[in-house]
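Given next are the chains, with one letter for each unit.
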Amino acid sequence: MSLNEAVRVSVIYYSSTGTVFELAKAAATAAEKAGAEVRLRKVRELAPAEAIASNQGWSDHAAATQHIVEASLDDLVWGDAIMFGTPTRYGLPAAQLKQFIDTAGGLWAQGKLINKIGSSFTSSGTRHGGQETTIVALNNTFYHWGSIIVPPGYADPIQFQMGNPYGASHTSNNAEIPPGEVELAAMEFQTRRVVEITGTFKRGREALYV
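Residues numbered from 1 in each chain as written. Predicted model: local features only at pLDDT ≥ 70, side-chain atom pairs only at ≥ 80, totals over all residues. Heavy atoms only, no water.

A. Representation of the environment of Glu188 in the model. You can see Glu188 is positioned in helix α9 (residues 181-207). Looking at Glu188, the relative accessible area reads 26%, which means it is partly exposed. Separated by 68 residues in sequence, Glu188 and Ser120 have C-alpha atoms that sit 13 Å apart. With residues up to four places along the chain from it excluded, the contact list for Glu188 reads Ala30 and Lys33. (Helix = DSSP H or I, 4+ residues; strand = E, 2+ residues; numbered from the N terminus. Buried < 20%, exposed > 50% of the residue type's maximum accessible area, 1.4 Å probe, protein only. Contact = heavy atoms within 4.5 Å.)

B. Representation of the UniProt feature "domain: Flavodoxin-like" (unreviewed entry) in the protein within the structure. As annotated in UniProt, the feature "domain: Flavodoxin-like" (unreviewed entry) corresponds to residues 9-194 in the numbering used here. Note that residues 9-194 is 45% helix and 19% strand, and that its end C-alpha atoms are spaced 9 Å apart. (UniProt positions renumbered as here; feature names shortened; annotations may be inferred.)

C. Structural detail: the packing of helix α1 (residues 19-33) against α9. At a closest axis distance of 8 Å, the pairing of α1 and α9 adopts a crossing angle of 45°. If you check the angle between α1 and α9, you find them oblique. In this structure, the crossing between α1 and α9 has a hand that is right-handed. Contacts from Glu22, Leu23, Ala26, Ala27, Ala30, Ala31 and Lys33 of α1 reach α9 at Glu183, Leu184, Met187, Glu188, Thr191 and Val195. Taken together, the residues that form the contact of α1 with α9 break down as 8 nonpolar, 1 polar and 4 charged. (Axes fitted to C-alpha atoms, helices over the stretch in contact; angles between N-to-C directions. Parallel < 35°, antiparallel > 145°, perpendicular 65-115°, else oblique. Left-handed = near helix turned anticlockwise from the far one by under 90°. Nonpolar A, V, L, I, M, F, W, Y, C, P; charged D, E, K, R; others polar.)

D. Geometry of the pairing of strand β2 (residues 37-42). Pairing between strand β1 (residues 8-13) and β2: 6 bridges, direction parallel. For Val9, the partnering residue across the bridge sits in β2 and is Val38. Chirality of the crossover, the property in question, places the unit of β1, α1 and β2 among those that are right-handed. (Pairing = 2+ DSSP bridges. Right-handed = clockwise from strand over helix to strand, strands pointing away.)

E. Geometry of unusual backbone geometry. The backbone phi angle of His128 is positive, close to 60°, even though this residue is not glycine. Counting through the fold element by element, His128 comes out in the loop between β5 (117-124) and α7 (131-145). One non-glycine residue, Asn174, lies in positive phi territory at about 55°. The residue Asn174 is located in the loop between β7 (169-171) and α9 in this model.

F. The arrangement of α9 in detail. The terminal C-alpha atoms of α9 lie 39 Å apart, and with 27 residues this matches the ideal 39 Å at 1.5 Å per residue to within 8%. When α9 is considered as a whole, its buried residues turn out to be Glu183, Ala186, Met187, Phe189, Gln190, Thr191, Val194, Val195, Thr198, Gly199, Lys202 and Glu206. (Expected span 1.5 Å × (residues − 1).)

G. Looking closely at the pattern of salt bridges. Using the criterion set out here, one finds 11 salt bridges in the structure. Arg39 is paired through a salt bridge with Asp74; the nearest N and O atoms lie 2.8 Å apart. Here Arg39, found in strand β2, pairs with Asp74, found in helix α4 (residues 73-78); they are 35 residues apart in sequence, far enough to count as distant. A salt bridge links Lys98 to Asp102; its shortest N-O distance comes to 2.7 Å. One end of the pair, Lys98, and the other, Asp102, are both in helix α5 (residues 95-102), 4 residues apart, so they sit about a helical turn from each other. On the accessibility criterion, Lys98 (40% relative accessible area) is partly exposed. The structure contains a network of salt bridges with shared partners spanning Glu5, Arg8, Asp80 and Lys202. (Salt bridge = Lys/Arg side-chain N within 4 Å of Asp/Glu carboxyl O.)

H. Summary view of the nonpolar core. Counting residues in hydrophobic clusters, the biggest one holds 24 residues, and the most contacted among them are Val9, Val11, Tyr13, Leu40, Met83, Phe121 and Met187. Every element with two or more residues in this core is listed here: β1, α1, β3 (81-89), β5 and α9. In terms of residue count, the dominant contributor to this core is α1 (8 residues). Not counting residues within four places of it along the chain, the set of residues in contact with Phe121 comprises Val11, Val20, Leu23, Ala24, Met83, Phe84, Gly85, Thr86, Ile135, Ala168 and Met187. Core analysis: the second largest hydrophobic core is formed by 20 residues, Ile82, Phe100, Ile101 and Phe142 among them. (Core = buried A, V, L, I, M, F, W, Y, C linked by side-chain atoms within 4.5 Å.)

Put into structure tokens, the structure is as follows:
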């Protein structure tokens, strides 16, 4: 395996009305700008059609993102780094993303997720709506997989504006406010950090076998 091989980043997300999708797109773009190969993937929707149809923002977003490929277990194996994005649900990840994660038991049992680089981001409808607990809960997955969690911390000035060292987050006022300049910049920084650390880790491991 070449030491110059690009880092591979899987950005896997769930979004009902589009807020987390905007963060996921920003992450995918930032990873590509940093030289990574990227897969942007949405997880399968679990909500019944009548529930989606009852919310105009939800139904509009579902229609607008039909072209986004649904995540598969291969995306977990393929990525050197895995970035998960989810809205908060009572301070926890959305069931749609959790259901996808729960299908990865076979990969976990085979050790195929060990030493993946992991990082998470989120959005809530209200201030203090569970952003930090959602990211921490989501990162529990990475602990069990034996992955290496890379948070943004306060490793860049944008983080002192963003204020969340666990991961990029946004308060949407119940889908009325899209991510702004600060949130998108924080998402970009977090992704650059993921690509940088993944590349350093990957090159270091590969150099042992050259």
